[in-house]
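Now for the letters of each chain:
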Amino acid sequence: MGLIAGAALTVIGGVSVRLLADELKAWMPHLTNRLIRHAVGKLPADQRERLFEEWSSDVDERPGDLSKLWTAADCIRGSWVMTRERARRKARDGASRVELWLGRILGLLEERGFILIRWRVLRNLRKQVARELDRASCDRLVEAVRVRVEVPIREGVRMTVRSGKARMSAKLIERGIAQVLKDLAQGATPPPPSDDPP
Amino acid sequence: MSAPTLKVLGTLLASMQDELSGAEIGRVAKLSSGTLYPILLRLEAAGWLASRWETEDPKALGRPRRRFYRVTGVGAQKASAAFRELEPGFRKLPKPVGGRIAWA
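Quick summary incoming for the structure in this document. For clarity, every value in this text was computed on a predicted model and none was experimentally measured.

The rules we used
Residues numbered from 1 in each chain as written. Chains lettered and ligands numbered in written order. Predicted model: local features only at pLDDT ≥ 70, side-chain atom pairs only at ≥ 80, totals over all residues. Heavy atoms only, no water. Phe/Tyr/Trp six-rings, centres within 6.5 Å; stacked < 30°, edge-to-face > 60°. Lys NZ or Arg CZ within 6 Å of the ring centre and 35° of its normal. Patch = residues over 30% accessible without salt bridge, like charges linked within 9 Å, V, L, I, M, F, W, Y side chains within 5 Å. Areas by Shrake-Rupley, 256 points an atom, 1.4 Å probe, with all protein chains shown as cover. Salt bridge = Lys/Arg side-chain N within 4 Å of Asp/Glu carboxyl O. Helix = DSSP H or I, 4+ residues; strand = E, 2+ residues; numbered from the N terminus. Buried < 20%, exposed > 50% of the residue type's maximum accessible area, 1.4 Å probe, protein only. Pairing = 2+ DSSP bridges. Core = buried A, V, L, I, M, F, W, Y, C linked by side-chain atoms within 4.5 Å. Contact = heavy atoms within 4.5 Å.

### Let's talk about the packing of aromatic side chains
Residue and element names in this part refer to chain B.
Move 1: Here the structure, examined in full by the defined rule, presents one aromatic pair over all chains.
Move 2: Above the plane of the ring of W53 lies R65, whose end atom (NZ or CZ) is 4.4 Å from the centre.
Move 3: Against the face of W53 rests R67, its NZ or CZ located 4.9 Å from the ring centre.

### With respect to a nonpolar patch on the surface
Move 1: Together, V11(A), V15(A) and L19(A) line one region of the surface with nonpolar side chains, adding up to about 280 Å² of accessible area.
Move 2: Mapped onto the secondary structure, V15(A) falls in helix 1 (residues 2-41).

### A few points about the pairing of strand 3 (residues 67-71) of chain B
All names here are of chain B.
Move 1: Buried residues dominate strand 3, accounting for four of its five residues.
Move 2: In this sheet, strand 3 lies alongside strand 1 (residues 20-21) in antiparallel orientation, the contact comprising two bridges. Bridge pairing links S21 to F68 in strand 3.
Move 3: Inspection of the sheet shows strand 2 (residues 49-53) paired to strand 3 by five bridges, in the antiparallel sense. The partner of S51 across the bridge, within strand 3, is Y69.

### Thoughts on the nonpolar core
Move 1: L51(A), W55(A), V8(B), L12(B), I25(B), L40(B) and L49(B) are the most contacted members of the largest nonpolar core, which has 30 residues in total.
Move 2: Residue assignment for this core shows that the elements contributing at least two residues are helix 1, helix 2 (45-61) and helix 3 (65-112) of chain A together with helix 1 (3-14), helix 2 (22-29), helix 3 (33-45) and strand 3 of chain B.
Move 3: Broken down by element, this core gets its largest block of residues, six residues, from helix 3 of chain B.
Move 4: With residues up to four places along the chain from it excluded, the contact list for L49(B) reads L9(B), L12(B), L40(B), L43(B), E44(B), Y69(B), R70(B), V71(B) and T72(B).

Printed below as a string of structure tokens:
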């Protein structure tokens, strides 16, 4: 009796495993396709179509189903690497643009006395700016200064700023700029400058 | 320049064919897709590599089109310079004994 049950179980198990394997095999192209679509979905629109086709071709050249699946999954890592590189590049570009202008902007604000900044020996500008200013804010600042301010801007002010103990935030810079522009437009006399020397 | 990048450039420069597909480069350089394609795209954006789709119709081929990569003139110059720069370092390595590197 036990022998018959064992044999039956073996047969049923064998059939089930085979059915499962067939099912997985049938689903494999769909699964790899989904993985590649997921990978390219994270990329910029202009790269999606190209990489979808390229990765599909790469996956297609792999010999076995499992290696196809593995390659498709690895494309997700590739897409993540590309996204991260792009974000870093963007932050670096943004930071260097801000770095270029921030000294001038702050020099102007300080000269006009509209913001109270304690000038210190300045460090970590790049890190701080990259964290606190996104590209859009950076562009807004640059445009604001380039287009609307027609006063001499003091050159060569050296940079990273700490306002007392608190770090100077992007919002504070923007508020300062807005204030300068508003006061300049109204022809107001600026308040006396801060007693902290540059 | 990272080791995988050098592998990619070395593979393309050493290849007997003018162009290689991404899969072929990956196979020869022993790099996975997740490492290879970011490098290929970066090198292409820098102008070191150029690429093109294969011209045959994918329907006729019965598979997705391949994209072929080749090293540009600028890429070849820069890659050669990078390899030359590394050469003295390789010379300092101990000489292989019986096909294996003999570490002191």
